[in-house]
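Below, each chain spelled out in residue letters.
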Amino acid sequence: MRIRPSLHTRWQLLLPAALIVAAAGVAPFAEAVVTSFFHDIYGQRSPAGFDNYRYLLSDRGFSYSLRISLVWALGNTVLGLGTSLLLAWRIFMRGRRGKLLYLSLVIPWAVPVYIAVPVWRSFFHGDGGTSLFSTLTGIHINLLTDPIAAFCSTLWVSVWLSVPFTGFVLLSSLKRIPGSLREAAMIDGADSRQVLQYVYLPQIRNAIAVMSVLNVIKFLKEFNVIFLMTSGGPPLVSGITDRFIIGATTTLDVLVYEIFQTREDIGISSAYAVLLAGVVILIMLLWLRARKGNSSRILPAVLTGLAQVPFSGIPGIILAVLYPVSGIVSRKAFRLTLILHAGLTCFMVISRGFLEGFSPGFPLALLVYLIIFSKDGAASRPVRTPQGFSRTATRLFTLTTLVLSCLFIIAALLMVFIVIWLSFSGLGSSYIDSLIPPFPTVTNYVKIIVDEGILRHFLNTLLLSGSTALLLPLIIMPAAYYLLHRGNRTAFGVMTFLQILGLYGGMHSLIPLYSFFRRLHLIDSYIPLVMIYLNHAIPSALFTTLAYMEKIPASFEDQARLEGVSAFQYLRLILFPVSLPIIGVNMVLAFIAAWNGFMAPLLFLNTEGSFPISVKLFSLVGNLASGFPKWNLFAAASLINCLILSVLLHRVRKPINDSSLQSIME
């Protein structure tokens, strides 16, 4: 039995983490709620009542952006999760022979988003549609004028970047299943597809459900990929309203950033943040409900029904009744209601167009079915199918897996080739039409150091990342020690609270946080950035550290207490040195996350001399409509940056496969 620290030290142990979470996690939501009821123009506040909410809801722009966000999140989740599962299965089945595919997934995981997305933009768009993609395929894509091409190409980039993490988590889940199950199924004549479908999928169903919800929430708040790729996309004719211009990829966070940049009143952005928070919290409640089991389907069914009313008119009222009733009756009845809703949505889209006809309540209903109701029909035994269909399905499965594997290997090689080619090009253009640059030179590396002063920006990034990494153990170790003595119930409550705060974050939370720190006169400084990065690092670092401490024998502390060692002395002299392995891992992960930060410095820093490498690289190529991009200098600095990150990432490639991470999925 562990001895509790003395009463006068308990709150002190948790205080550092509590202050960071309160300032960078709780403050944005509280600030958004308060500011949404004010007109806030350059810090000058005046009461607004519900004017800001009426401003948003009276215009169709918010509704249009919500529809685009839901389609974006649903498409990313379905494509990303399906691709991740197939690639993880191929790596798992091939063993060492799948090393090339494994390495091809490490590249998008290792390359920061502020490098990967502009490179893909140059690949697809090039110079007004004349690009390496058009050279290879003969298809010209102009991301400034073609809405469908803009959406699809951006979707591909987002999936390519998200697949590695999800794939590695699923791969780790597959490895935890006893191999005897696979061997027994193969002895009975099952092929690879059947083994995955009937043996492994039921075992990792919970992990898939959790990753589905996490991905939906993540993509619902997507900003970096869309902003760097298309900046909201080409305007849609039907998306031009009285107050907003909605493009093909104008998701909710992109819209709120545009509102923040073009309108002086932060109260409007705050009202938007509160509305989006409601959507995110609803999805998080479904996630928490799914983790507790299937004892009741009533609450999810009722929430699904209520969500139909604001967006579907009279059909929404009918669906608001059908979903709760069918949810109570059976899983099959709920599925029939979902099919009816899908048919109605298709009819409305065909007759009225996507922005007017698509129902935002349909993705929510589909998500509820996949998370809550599909579990009722889970089966762990094989289902007999006609032999001819079985062979056809297996061939299709094998072909799809092979094509995806080749596609990701080629994409990884293309990424490396484009960066290296541009870094040695004597021209600032992104157009590639040969294996060797027409005017090869190494002066780009000299220019990026001498003319652009890139070393200063690397030092700025090092200061931000290093401060985050060094402060993290001082915050995490006392908090983990405190929770270790408070019992599982308290620890679970704290971790759940931190997970919810982490899921809430995005551009919509950074803007209220900007208002909060502006009143403290901390804008254009590194203090808010370090606090934001620490707040992002705390949940995972606290979880892994607490799991590590639980494995340390309690006799260490008992003996130390008998020797008269206080709680702080035990923490500093014994527990800290023993926990150095997990401390080092968390520090490196926090360092890399802060190094890759883009949204926060883009919003909080105004002086070019204080830019980290992420914002400096963005300034070299700008957004899609920027003139005179310096692609060769961008590539040279990017290559240096990637080499630095590769060394760091090589040292932490194993934590994702650590068994303690898997308890998140259980």
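Our subject is the structure that appears above.
Structure report, in brief. Given the structure is predicted, the values throughout are model-derived calculations rather than measurements.

Cut-off values and rules
- Residues numbered from 1 in each chain as written.
- Predicted model: local features only at pLDDT ≥ 70, side-chain atom pairs only at ≥ 80, totals over all residues.
- Heavy atoms only, no water.
- Helix = DSSP H or I, 4+ residues; strand = E, 2+ residues; numbered from the N terminus.
- Buried < 20%, exposed > 50% of the residue type's maximum accessible area, 1.4 Å probe, protein only.
- Contact = heavy atoms within 4.5 Å.
- Areas by Shrake-Rupley, 256 points an atom, 1.4 Å probe, with all protein chains shown as cover.
- Phe/Tyr/Trp six-rings, centres within 6.5 Å; stacked < 30°, edge-to-face > 60°.
- Lys NZ or Arg CZ within 6 Å of the ring centre and 35° of its normal.
- Salt bridge = Lys/Arg side-chain N within 4 Å of Asp/Glu carboxyl O.

**So, the overall build of the protein chain**
Now for step 1: When helices and strands are tallied, the protein chain shows 30 helices and four strands.
Now for step 2: The buried share of the protein chain, taken over its 666 residues, is 55%.
Now for step 3: Taking the contacts inside the protein chain whose residues are at least 6 apart along the sequence as the reference set, 77% of them involve residues at least 24 apart.
Now for step 4: Accessible surface for the protein chain amounts to roughly 29,100 Å². Of this, 68% is attributable to carbon and sulfur atoms.

**A look at the packing of aromatic side chains**
Now for step 1: Using the criterion set out here, one finds 33 aromatic pairs in the structure.
Now for step 2: A ring pair is formed by F424 and Y445, whose centres lie 5.6 Å apart and whose planes are at 55 degrees; its orientation type is tilted. Of this pair, F424 sits in the loop between helix 18 (387-423) and helix 19 (443-450) while Y445 sits in helix 19, and the two are 21 residues apart along the sequence.
Now for step 3: Under the relative-accessibility criterion, F424 is labelled partly exposed at 30%.
Now for step 4: Taken together through their ring pairs, the aromatic side chains of W120, F123, F124, F133, W156, W160 and F408 make up a single cluster.
Now for step 5: When the ring centre of F38 is taken as reference, the NZ or CZ atom of R45 above it lies at 5.5 Å.
Now for step 6: A cation sits over an aromatic face here: R243 above Y55, 4.3 Å from the ring centre.

**A look at the pattern of salt bridges**
Now for step 1: What the rule picks out here adds up to six salt bridges.
Now for step 2: The shortest N-O distance in the salt bridge between R54 and D51 comes to 2.4 Å. Highlighted residues: R54 and D51, both in helix 2 (residues 51-57), separated by three residues, approximately one helical turn.
Now for step 3: Here K616 makes a salt bridge to E452, at a shortest N to O gap of 2.9 Å. Taken together, the residues span a long stretch of sequence, with K616 in helix 28 (residues 613-621) and E452 in the loop between helix 19 and helix 20 (454-484) at a distance of 164 residues.
Now for step 4: Accessibility expressed as a relative area gives 3% for K616, which makes it buried.
Now for step 5: Via salt bridges that share partners, E452, E608, K616 and K630 belong to a single interconnected network.

So far we have only geometry, and geometry alone does not tell us how the molecule works.
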